[in-house]
Amino acid sequence: MAELEFLGRLSERFAPKMQLSIPASIKSIAALRPWLNEQLDSDAFSHPSIRAIVNGKVTAEDGAISDKDIIAFYPPVGGG
Amino acid sequence: VISDAPIFPHESLEQFSKVNEYAGAIVSFSGKVRIDKHSGDETQALFLQAYDPITRTDIENKRLESLTRWDLDDALIQHRTGEILPGETIVFVATAAKHRRDAFLAADFLMDYLKTEAYFWKKEIGHKTSKWIEPKATDYDDAKRWVKPDLKDKKI
(Lines give C-alpha, C1' and ligand atoms only; values in the text may rest on other atoms or scores of the structure.)
Protein backbone atom coordinates (compact mmCIF):
# COMPACT_ATOMS: atom_id res chain seq x y z
CA MET A 1 0.00 0.00 0.00
CA ALA A 2 1.17 3.48 -0.79
CA GLU A 3 0.56 6.30 1.62
CA LEU A 4 -1.05 9.32 -0.04
CA GLU A 5 -0.83 12.67 1.73
CA PHE A 6 -2.71 15.81 0.78
CA LEU A 7 -1.49 19.24 1.79
CA GLY A 8 -3.10 22.67 2.08
CA ARG A 9 -6.60 22.89 0.61
CA LEU A 10 -6.32 19.32 -0.70
CA SER A 11 -6.20 18.06 2.90
CA GLU A 12 -9.73 19.37 3.46
CA ARG A 13 -11.07 18.36 0.06
CA PHE A 14 -9.95 14.75 0.47
CA ALA A 15 -8.24 13.80 3.75
CA PRO A 16 -4.85 14.62 5.28
CA LYS A 17 -3.74 11.09 4.38
CA MET A 18 -4.99 7.78 3.10
CA GLN A 19 -3.63 4.40 2.06
CA LEU A 20 -4.23 3.22 -1.47
CA SER A 21 -3.09 0.24 -3.45
CA ILE A 22 -1.52 1.63 -6.59
CA PRO A 23 -1.63 -0.77 -9.57
CA ALA A 24 1.80 -1.96 -10.72
CA SER A 25 1.12 -0.52 -14.18
CA ILE A 26 1.31 3.02 -12.73
CA LYS A 27 4.97 3.91 -12.57
CA SER A 28 5.15 7.70 -12.62
CA ILE A 29 3.51 10.78 -11.15
CA ALA A 30 2.09 11.61 -14.59
CA ALA A 31 0.41 8.20 -14.74
CA LEU A 32 -0.81 8.45 -11.15
CA ARG A 33 -2.75 11.69 -11.76
CA PRO A 34 -5.63 10.36 -13.91
CA TRP A 35 -5.88 7.23 -11.76
CA LEU A 36 -6.19 9.34 -8.60
CA ASN A 37 -8.80 11.56 -10.24
CA GLU A 38 -10.84 8.45 -10.92
CA GLN A 39 -10.35 6.96 -7.45
CA LEU A 40 -11.27 10.18 -5.68
CA ASP A 41 -13.90 11.35 -8.16
CA SER A 42 -12.10 14.59 -8.79
CA ASP A 43 -10.25 16.54 -11.45
CA ALA A 44 -7.88 18.17 -8.95
CA PHE A 45 -4.88 16.10 -9.96
CA SER A 46 -5.01 17.16 -13.62
CA HIS A 47 -3.99 20.66 -12.68
CA PRO A 48 -0.27 21.33 -13.24
CA SER A 49 -0.13 23.65 -10.21
CA ILE A 50 -0.72 20.56 -8.04
CA ARG A 51 2.71 19.02 -7.59
CA ALA A 52 4.10 15.94 -5.88
CA ILE A 53 6.63 15.05 -3.20
CA VAL A 54 7.69 11.40 -3.14
CA ASN A 55 9.37 10.10 0.01
CA GLY A 56 10.26 13.63 1.07
CA LYS A 57 11.58 14.84 -2.30
CA VAL A 58 9.90 17.09 -4.85
CA THR A 59 9.37 14.83 -7.84
CA ALA A 60 8.97 15.60 -11.54
CA GLU A 61 6.19 14.20 -13.72
CA ASP A 62 8.34 11.33 -14.94
CA GLY A 63 9.57 10.58 -11.41
CA ALA A 64 9.21 6.89 -10.52
CA ILE A 65 6.68 5.74 -7.96
CA SER A 66 5.73 2.40 -6.47
CA ASP A 67 3.12 0.97 -4.15
CA LYS A 68 5.53 1.36 -1.19
CA ASP A 69 6.02 5.11 -1.43
CA ILE A 70 4.78 8.04 0.60
CA ILE A 71 3.37 10.40 -2.01
CA ALA A 72 2.22 13.91 -1.10
CA PHE A 73 0.30 16.20 -3.44
CA TYR A 74 0.38 19.93 -2.79
CA PRO A 75 -1.12 23.14 -4.20
CA PRO A 76 0.99 26.31 -4.66
CA VAL A 77 3.11 27.06 -1.59
CA GLY A 78 3.72 30.27 0.32
CA GLY A 79 4.24 31.37 3.89
CA GLY A 80 5.14 34.64 5.58
CA VAL B 1 13.56 27.62 13.08
CA ILE B 2 10.00 26.43 12.41
CA SER B 3 7.70 26.05 15.39
CA ASP B 4 4.16 26.34 16.71
CA ALA B 5 5.59 28.42 19.58
CA PRO B 6 5.13 32.21 19.56
CA ILE B 7 7.87 34.41 18.09
CA PHE B 8 9.00 37.40 20.15
CA PRO B 9 10.72 39.60 17.56
CA HIS B 10 12.33 42.00 20.04
CA GLU B 11 13.94 39.16 21.95
CA SER B 12 14.97 37.43 18.72
CA LEU B 13 16.60 40.63 17.46
CA GLU B 14 18.39 41.26 20.74
CA GLN B 15 19.76 37.73 20.78
CA PHE B 16 20.77 37.92 17.10
CA SER B 17 22.54 41.25 17.70
CA LYS B 18 24.43 39.79 20.65
CA VAL B 19 25.60 36.79 18.65
CA ASN B 20 26.69 39.09 15.81
CA GLU B 21 28.43 41.73 17.90
CA TYR B 22 31.01 42.49 15.18
CA ALA B 23 28.46 43.19 12.45
CA GLY B 24 28.20 46.79 11.27
CA ALA B 25 24.65 46.36 9.97
CA ILE B 26 21.71 44.34 11.22
CA VAL B 27 18.39 44.28 9.36
CA SER B 28 15.30 42.55 10.70
CA PHE B 29 11.77 42.00 9.42
CA SER B 30 8.71 40.82 11.34
CA GLY B 31 5.62 39.69 9.44
CA LYS B 32 2.44 39.81 11.52
CA VAL B 33 -1.13 38.63 11.12
CA ARG B 34 -3.02 41.77 10.12
CA ILE B 35 -5.99 42.82 12.16
CA ASP B 36 -8.43 43.35 9.29
CA LYS B 37 -11.27 41.84 7.35
CA HIS B 38 -11.67 39.42 4.47
CA SER B 39 -14.94 38.98 2.59
CA GLY B 40 -16.69 41.09 5.22
CA ASP B 41 -15.64 38.58 7.85
CA GLU B 42 -13.08 39.53 10.48
CA THR B 43 -9.94 37.38 10.44
CA GLN B 44 -9.84 35.26 13.58
CA ALA B 45 -6.57 33.54 12.90
CA LEU B 46 -4.18 32.28 10.26
CA PHE B 47 -3.36 28.61 10.06
CA LEU B 48 0.04 27.68 8.65
CA GLN B 49 0.83 24.14 7.60
CA ALA B 50 4.37 22.86 6.95
CA TYR B 51 5.59 19.51 5.60
CA ASP B 52 8.78 18.39 7.23
CA PRO B 53 11.52 17.59 6.56
CA ILE B 54 11.21 19.36 3.22
CA THR B 55 10.00 22.68 4.68
CA ARG B 56 12.91 22.80 7.11
CA THR B 57 15.67 21.66 4.75
CA ASP B 58 14.55 23.95 1.92
CA ILE B 59 14.57 26.98 4.26
CA GLU B 60 18.04 26.05 5.52
CA ASN B 61 19.30 25.70 1.93
CA LYS B 62 17.94 29.15 1.09
CA ARG B 63 19.51 30.63 4.23
CA LEU B 64 22.88 29.14 3.20
CA GLU B 65 22.38 30.52 -0.33
CA SER B 66 21.88 34.02 1.13
CA LEU B 67 25.18 33.66 3.03
CA THR B 68 27.08 32.90 -0.18
CA ARG B 69 25.23 35.39 -2.39
CA TRP B 70 25.86 38.41 -0.15
CA ASP B 71 28.67 39.33 2.21
CA LEU B 72 26.81 38.31 5.36
CA ASP B 73 28.00 37.38 8.82
CA ASP B 74 24.77 35.55 9.65
CA ALA B 75 21.09 35.09 8.76
CA LEU B 76 18.20 33.92 10.92
CA ILE B 77 14.75 32.72 9.88
CA GLN B 78 11.97 31.96 12.36
CA HIS B 79 8.57 30.88 11.05
CA ARG B 80 5.40 29.97 12.92
CA THR B 81 3.14 27.05 12.08
CA GLY B 82 -0.27 26.12 13.44
CA GLU B 83 -2.84 28.69 14.46
CA ILE B 84 -1.61 32.30 14.69
CA LEU B 85 -3.76 35.10 16.07
CA PRO B 86 -4.12 38.68 14.74
CA GLY B 87 -1.23 40.83 15.95
CA GLU B 88 1.06 37.82 16.45
CA THR B 89 4.27 37.39 14.48
CA ILE B 90 4.22 34.81 11.67
CA VAL B 91 7.78 35.25 10.49
CA PHE B 92 10.99 36.87 11.68
CA VAL B 93 14.03 37.31 9.45
CA ALA B 94 17.30 38.93 10.50
CA THR B 95 20.56 39.42 8.63
CA ALA B 96 23.93 40.67 9.84
CA ALA B 97 26.66 42.08 7.62
CA LYS B 98 29.59 44.48 7.62
CA HIS B 99 27.58 46.96 5.53
CA ARG B 100 23.88 47.74 5.28
CA ARG B 101 23.26 46.97 1.58
CA ASP B 102 24.11 43.29 1.92
CA ALA B 103 21.93 43.02 5.01
CA PHE B 104 18.95 44.75 3.35
CA LEU B 105 19.16 42.77 0.11
CA ALA B 106 19.56 39.40 1.81
CA ALA B 107 16.59 40.02 4.13
CA ASP B 108 14.44 41.09 1.16
CA PHE B 109 15.53 38.00 -0.81
CA LEU B 110 14.73 35.65 2.09
CA MET B 111 11.28 37.19 2.61
CA ASP B 112 10.40 36.90 -1.09
CA TYR B 113 11.45 33.26 -0.94
CA LEU B 114 9.35 32.62 2.18
CA LYS B 115 6.28 34.24 0.61
CA THR B 116 6.36 32.31 -2.68
CA GLU B 117 8.58 29.22 -2.53
CA ALA B 118 8.85 27.99 1.05
CA TYR B 119 6.81 24.86 1.72
CA PHE B 120 3.94 26.32 3.70
CA TRP B 121 0.19 26.38 3.13
CA LYS B 122 -1.85 29.15 4.64
CA LYS B 123 -5.48 29.41 5.65
CA GLU B 124 -7.42 32.48 6.79
CA ILE B 125 -9.92 31.61 9.47
CA GLY B 126 -12.86 34.00 9.92
CA HIS B 127 -15.86 33.93 12.24
CA LYS B 128 -18.10 32.38 9.58
CA THR B 129 -15.86 31.11 6.83
CA SER B 130 -12.29 30.10 6.21
CA LYS B 131 -10.26 29.91 3.03
CA TRP B 132 -6.87 28.69 1.87
CA ILE B 133 -4.82 31.50 0.36
CA GLU B 134 -2.03 31.41 -2.19
CA PRO B 135 0.62 33.98 -3.13
CA LYS B 136 -0.56 36.95 -5.18
CA ALA B 137 0.81 37.87 -8.63
CA THR B 138 2.75 40.71 -7.00
CA ASP B 139 4.41 38.24 -4.61
CA TYR B 140 5.64 36.19 -7.60
CA ASP B 141 6.83 39.40 -9.34
CA ASP B 142 8.78 40.34 -6.21
CA ALA B 143 10.41 36.91 -6.08
CA LYS B 144 11.41 37.10 -9.77
CA ARG B 145 13.70 40.05 -9.00
CA TRP B 146 16.24 37.66 -7.53
CA VAL B 147 16.49 35.45 -10.59
CA LYS B 148 18.62 37.99 -12.45
CA PRO B 149 22.18 36.80 -11.88
CA ASP B 150 23.66 40.31 -11.84
CA LEU B 151 21.26 41.76 -9.28
CA LYS B 152 23.32 40.81 -6.27
CA ASP B 153 26.07 43.25 -7.30
CA LYS B 154 23.74 46.04 -8.30
CA LYS B 155 23.65 49.12 -6.15
CA ILE B 156 20.15 50.47 -5.60
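For the structure given in this document, a descriptive report is provided here. (Residues numbered from 1 in each chain as written. Chains lettered and ligands numbered in written order. Predicted model: local features only at pLDDT ≥ 70, side-chain atom pairs only at ≥ 80, totals over all residues. Heavy atoms only, no water.)

## A short note on the side chain of Arg69 of chain B
Then, in step 1: Examined against the element boundaries, Arg69 of chain B turns out to sit in helix H2 (residues 54-69).
Then, in step 2: Polar side-chain contacts of Arg69 of chain B include one of 2.6 Å to the backbone oxygen of Trp146 of chain B. (Helix = DSSP H or I, 4+ residues; strand = E, 2+ residues; numbered from the N terminus. Polar contact = N/O pair within 3.5 Å; in protein donor to acceptor, adjacent residues only side chain to side chain.)

## Considerations on the side chain of Asp74 of chain B
All names here are of chain B.
Then, in step 1: Its place among the elements puts Asp74 in strand S5 (residues 72-80).
Then, in step 2: Asp74 gets classed as buried once you look at its relative accessible area, which sits at 19%.
Then, in step 3: Within polar-contact distance, the side chain of Asp74 engages the side chain of Asn20 at 3.0 Å.
Then, in step 4: The contact partners of Asp74, leaving out residues within four places of it in the chain, are Phe16, Val19, Asn20, Arg63, Leu67, Ala94, Thr95 and Ala96. (Buried < 20%, exposed > 50% of the residue type's maximum accessible area, 1.4 Å probe, protein only. Contact = heavy atoms within 4.5 Å.)

## With respect to helix H1 (residues 9-19) of chain B
Residues and elements named next belong to chain B.
Then, in step 1: If you check which residues of H1 are buried, you get Pro9, Ser12 and Phe16. End-on, the buried residues of H1 take up no more than an arc of 60°, which puts them together on one face. When the buried face of H1 is taken as reference, the exposed residues oriented beyond 90 degrees from it are His10, Glu11, Glu14 and Lys18.
Then, in step 2: Residues of H1 that are buried in the fold lie against strand S2 (25-32), S5 and strand S7 (89-97). (Arc of directions from axis to C-beta.)

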